[in-house]
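# Residue-level structure breakdown
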Amino acid sequence: MLSRLGALLQEAVGAREPTLDLLEAFVEHWKGITHYYIESTDENTPAKKTDIPWRLKQMLDILVYEERQQAAGEAGPCLEYLLQHKVLETLCTLGKAEYPPGMRQQVFQFFSKVLAQVQHPLLHYLNVHRPVQKLLQLGGTDPGSLTEKEEVQFTTVLCSKIQQDPALLTYILEGKKTSAKKKASKEPAALPRETTSIENKDHPHREAPDRGPCGAQALTTQLPIETQEPDGGIGESNLVTSLVGLCKSKKGRVALKAQENLLLLVSVAPPAAAAHLVQSSPFCPAIVEHLCHLYQSMPTFLDPADIAASEGISWRVPSAPSDEASFPGKEALAAFLGWFDYCDHLIQEAHMVVADALAKAVAEKLFVDILQPQLLHVSEQSILTSTALLTALLRRLRSPALLQEAVAFLLGTDLWPAAPEDSPCTLCAQLIRHCDHLSDEISIATLRLFEELLQKPHEHIVRKLVLCHLEGRLYVARGCPEPESYEDTLDLEEDPYFTDGLLDASFRPPAKPAPAPATTPDGKTAVTEIVNSFLCLVPEEAKTSAFLEETGYDTYVHDAYGLFQECSSRVAPWGWTPALTPLDPHEPERPFFEGHFLQMLFDRMSRILEQPYSLNLQVTSVLSRLALFPHPLIHEYLLDPYINLAPGCRSLFSVLVRVIGDLMQRIQRVPQFPGKLFLVRKQLMGHVPGEQLDHQTLLQGVVVLEEFCKELAAIAFVKFPPQGPHPYLSPPPEGHI
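Reading the values: the criteria
- Residues numbered from 1 in each chain as written.
- Predicted model: local features only at pLDDT ≥ 70, side-chain atom pairs only at ≥ 80, totals over all residues.
- Heavy atoms only, no water.
- Helix = DSSP H or I, 4+ residues; strand = E, 2+ residues; numbered from the N terminus.
- Buried < 20%, exposed > 50% of the residue type's maximum accessible area, 1.4 Å probe, protein only.
- Contact = heavy atoms within 4.5 Å.
- Areas by Shrake-Rupley, 256 points an atom, 1.4 Å probe, with all protein chains shown as cover.
- Expected span 1.5 Å × (residues − 1).
- Phe/Tyr/Trp six-rings, centres within 6.5 Å; stacked < 30°, edge-to-face > 60°.
- Axes fitted to C-alpha atoms, helices over the stretch in contact; angles between N-to-C directions.
- Parallel < 35°, antiparallel > 145°, perpendicular 65-115°, else oblique.
- Nonpolar A, V, L, I, M, F, W, Y, C, P; charged D, E, K, R; others polar.
- Core = buried A, V, L, I, M, F, W, Y, C linked by side-chain atoms within 4.5 Å.
- Patch = residues over 30% accessible without salt bridge, like charges linked within 9 Å, V, L, I, M, F, W, Y side chains within 5 Å.
- Salt bridge = Lys/Arg side-chain N within 4 Å of Asp/Glu carboxyl O.
- Lys, Arg positive; Asp, Glu negative; His and termini not counted.
- Charge placed at Lys NZ, Arg CZ, Asp CG, Glu CD.

### Some words on the overall build of the protein chain
Looking only at helices and strands, one finds 30 helices and 0 strands in the protein chain. For the protein chain, the proportion of its 737 residues judged to be buried stands at 52%. Counting contacts in the protein chain only where the partners sit at least 6 residues apart, residues at least 24 apart contribute 78% of the total. When the accessible area of the protein chain is evaluated, it comes to approximately 34,100 Å², of which 54% is carbon and sulfur surface.

### Regarding helix H19 (residues 400-411)
With 12 residues, H19 ought to run about 16 Å at 1.5 Å a step, and its terminal C-alpha atoms sit 16 Å apart, in line with that. Along H19, the residues that are buried comprise Ala401, Leu402, Leu403, Glu405, Ala406, Val407, Phe409, Leu410 and Leu411. At the exit of H19 stands glycine 412, carrying a positive phi of roughly 80°.

### A short note on the packing of aromatic side chains
Within the structure shown, the criterion is met by 17 aromatic pairs. Ring plane angle 65° and centroid distance 5.7 Å describe the contact between phenylalanine 108 and phenylalanine 154, whose orientation is recorded as edge-to-face. With phenylalanine 108 in helix H5 (residues 103-117) and phenylalanine 154 in helix H7 (residues 148-164), this residue pair connects regions lying 46 residues apart in the sequence. Per residue, the accessibility class of phenylalanine 108 equals that of phenylalanine 154, and both read buried. By way of ring pairs, the aromatic residues Tyr475, Phe592, Phe602 and Tyr637 are connected into one cluster.

### Some points on the packing of helix H2 (residues 52-69) against H5
Axis separation between H2 and H5 bottoms out at 11 Å; the angle between their running directions is 10°. The pairing of H2 with H5 is recorded here as roughly parallel in orientation. Facing H2, whose interface residues are Ile52, Pro53, Leu56, Met59, Leu60, Leu63, Val64 and Glu67, H5 presents Met103, Gln106, Phe110, Lys113, Val114 and Gln117. A breakdown of the residues in the contact of H2 with H5 according to their chemical character gives 10 nonpolar, 2 polar and 2 charged.

### Description of the packing of helix H20 (residues 427-434) against helix H21 (residues 440-454)
Close contact between H20 and H21 brings their axes to 8 Å; oriented N to C, the two are set at 130°. If you check the angle between H20 and H21, you find them oblique. Packed against H20, whose contacting residues are Leu431, Ile432 and His434, the element H21 presents Ile442, Ser443, Thr446, Leu449 and Phe450 at the interface. Among the residues forming the contact of H20 with H21, the class breakdown is 5 nonpolar, 3 polar and no charged.

### Description of the nonpolar core
Among the nonpolar cores identified, the biggest contains 217 residues, and Phe283, Leu366 and Phe367 are the most heavily contacted of them. Considering each element in turn, this core owes the most residues, 15 residues, to helix H30 (residues 696-719). When near neighbours in sequence (up to four residues on either side) are disregarded, leucine 366 contacts Leu291, Cys292, Tyr295, Phe336, Phe340, Ala361, Leu371 and Leu393.

### Comments concerning a negative patch on the surface
Among the surface-exposed residues, Asp303, Glu380, Asp440 and Glu441 lie close enough to one another that they form a single negatively charged patch. Relative to the helices and strands, glutamate 380 resides in helix H18 (residues 380-396). Glutamate 380 sits in the partly exposed class, given a relative accessible area of 42%.

### Remarks on the environment of phenylalanine 597
Relative to the helices and strands, phenylalanine 597 resides in helix H25 (residues 596-606). Residue classification places phenylalanine 597 among the buried residues on the basis of a relative accessible area of 1%. In the structure, phenylalanine 597 is positioned 168 residues away from alanine 429 in sequence and 8.6 Å away in space, judged by C-alpha atoms. Aside from chain neighbours lying at most four places away, what touches phenylalanine 597 is Ile432, Phe450, Leu465, Val466, Val622 and Leu626.

### Concerning the side chain of threonine 387
In this structure, threonine 387 sits in helix H18. Its relative accessible area of 1% is what places threonine 387 among the buried residues. The contacts of threonine 387, once residues within four sequence positions are left out, are Leu375, Ala445, Thr446 and Leu449.

### Section: unusual backbone geometry
Here tyrosine 99 and proline 100 are connected by a cis peptide whose omega angle stands at -5°. Tracing the backbone shows proline 100 in the loop between helix H4 (87-97) and H5. The backbone of glutamate 98 shows a phi angle near 55°, a positive value even though the residue is not glycine. Looking at where glutamate 98 falls in the secondary structure, it is placed in the loop between H4 and H5.

### Let's talk about the environment of alanine 269
Here alanine 269 shows up in the loop between helix H12 (252-268) and helix H13 (271-279). Among the residues examined, alanine 269 registers a relative accessible area of 7% and is labelled buried. Among residues more than four places away in sequence, those in contact with alanine 269 are Leu169, Ala274, Leu277 and His351.

So, to be careful, I would describe these as geometric facts and stop short of saying anything about function.
Quick look at the structure:
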């Protein structure tokens with residue numbers, strides 16, 4: 001029994017020895033580090049050539065091993081020592097001093113590994129939180145720092161901890177300090193005093209009202225008021241500014257990791273932290289300041305074609321996918337567009353409070369302060385570049401909050417219909433004027449801007465530009481009920497738009513609509529009649545597509561079907577009714593004005609035979625985008641040839657009819673018109689080499705006109721198809737215009 005009892009006592013003693021040895025070894029390694037600063041006289045030896053990295057590695061291994069031996073939630077003696085003796089704070093001071101050279105790198109690595117590998121919730125303790133804040137102030141301030149890799153690893157660990165416990169974000173952002181830190185930071189002799197205090201185990205510590213299980217002061221909201229200091233604001237570095245600084249790194253992996261960390265923060269932020277991000281942190285100013293800096297770093301003039309070709313740029317892939325067509329300013333453009341895409345992604349993923357604040361900051365600093373003066377500038381180069389850049393930004397924009405700000409910036413917030421005599425000095429009115437600019441390049445660039453805007457999922461866009469002027473159907477003649485059938489209406493030759501003096505006796509209109517156009521049970525014009533009206537609008541002598549198989553009508557139906565499905569899904573949440581509001585026959589007629597936007601498009605369309613080919617393509621493209629919207633007013637005004645227009649009003653079809661009348665007069669003055677027209681069409685399709693011909697602009701305009709009429713017919717067909725499946729939805733052939 002005595003021998004057995006002795007064996008048990010020996011086992012008990014052996015079980016306690018590792019704990020005592022661990023603490024002794026931990027303290028010994030820490031003393032070895034502090035003794036280096038007392039005994040070493042060589043200030044040029046790099047830290048990695050000393051025993052400091054090895055000792056820090058041993059201290060980390062001891063902490064991890066000790067934690068495995070402890071019960072869950074309990075802190076061992078080594079962790080107690082680390083916290084009570086301010087080991088981390090002293091290391092942070094040594095890293096700030098960068099002595100020996102490379103010490104800051106070692107400190108960042110040690111902090112990252114301790115926070116990542118020790119499972120005990122360390123960030124809740126003031127003696128951990130405070131040095132973490134101090135270490136954050138050392139990073140992110142110099143984009144070319146040698147410790148960027150270590151800094152981003154450190155912030156990654158912090159963001160990972162915040163993801164596990166989002167409530168930590170508020171504390172990390174606030175950067176609370178104690179008076180002890182304040183005093184130490186003001187004393188130049190802080191380093192020796194702290195290192196000698198580590199050697200003395202009996203060094204007194206100031207009592208705190210709240211202590212954790214290991215006796216260290218815990219970080220809670222009940223910290224004494226006199227120990228707290230307000231956040232340093234924009235000028236003080238914290239987790240946000242550190243990450244933003246790392247986002248500017250020239251090293252792609254470092255910048256991408258920092259962006260992912262920042263995105264993680266805003267996506268997990270609870271309401272309190274989100275409010276703090278907006279109100280008390282430099283988050284929004286730092287993000288937007290960098291965006292504006294990148295914009296101003298670009299060349300004053302950029303070719304719109306180069307800007308439009310930057311499709312592959314995103315925040316994850318900031319460089320263009322190919323360098324085949326390099327141009328001056330390409331890298332600066334890629335950096336700006338990549339960061340804007342990142343801002344949009346931040347806004348899309350962030351808490352609503354953060355998203356709204358960041359979107360407003362982008363609108364105020366970039367849109368209003370920088371872009372608006374350039375859009376309104378007298379310099380054509382300034383207008384052209386800023387318009388093309390704004391179009392590229394709209395193309396990348398996905399977040400609802402930033403889209404709302406962009407729409408308000410471009411179009412305003414009011415929905416009052418304009419009058420013909422109005423000449424408001426708003427940005428929207430100025431942009432519409434730019435669509436009819438003396439410079440064709442500016443007109444094309446601005447029309448592209450509006451085309452991009454019409455593809456955005458925001459109802460205010462189409463309502464502001466078009467619907468607010470069409471509501472009430474003032475373009476329809478009053479005083480008589482709407483016809484149930486068109487059997488008693490005028491034949492096409494008797495339509496006032498065919499006999500307004502623009503046509504001569506040589507004009508032979510296409511086949512008459514005999515019998516009169518059929519109607520659906522609800523009184524609408526049958527879609528087959530609408531389709532035939534557009535297809536037959538261009539006279540046979542001005543058509544060339546019949547000689548080219550790949551430009552058939554079925555191709556346009558196929559394309560229009562896909563675009564219409566996309567448009568319908570985009571506007572579905574807006575709850576548009578499919579039915580028109582019935583007219584009151586006793587309501588007096590009032591003046592109708594289509595609005596400055598439609599007025600500009602109709603005016604441009606009426607000059608299709610005089611304008612450059614590229615400009616005509618852009619005008620018809622915008623009108624096609626408008627015609628696709630599944631709203632009954634748009635369908636009636638833009639696609640129904642048989643509406644009974646009020647005096648002095650015009651519709652898209654009436655504008656096209658006048659163009660046809662002008663065309664038939666011009667044809668008489670062009671010798672060998674059919675052959676030249678066919679040659680121009682083959683040139684536009686790339687079948688024959690391009691060469692300048694007489695009446696080139698007119699001939700190209702005729703080609704665009706024919707194709708536009710087929711496109712409108714296809715849109716009408718897919719919006720209100722006949723009963724049964726579509727007969728033209730086979731895969732389209734390649735090579736069509």
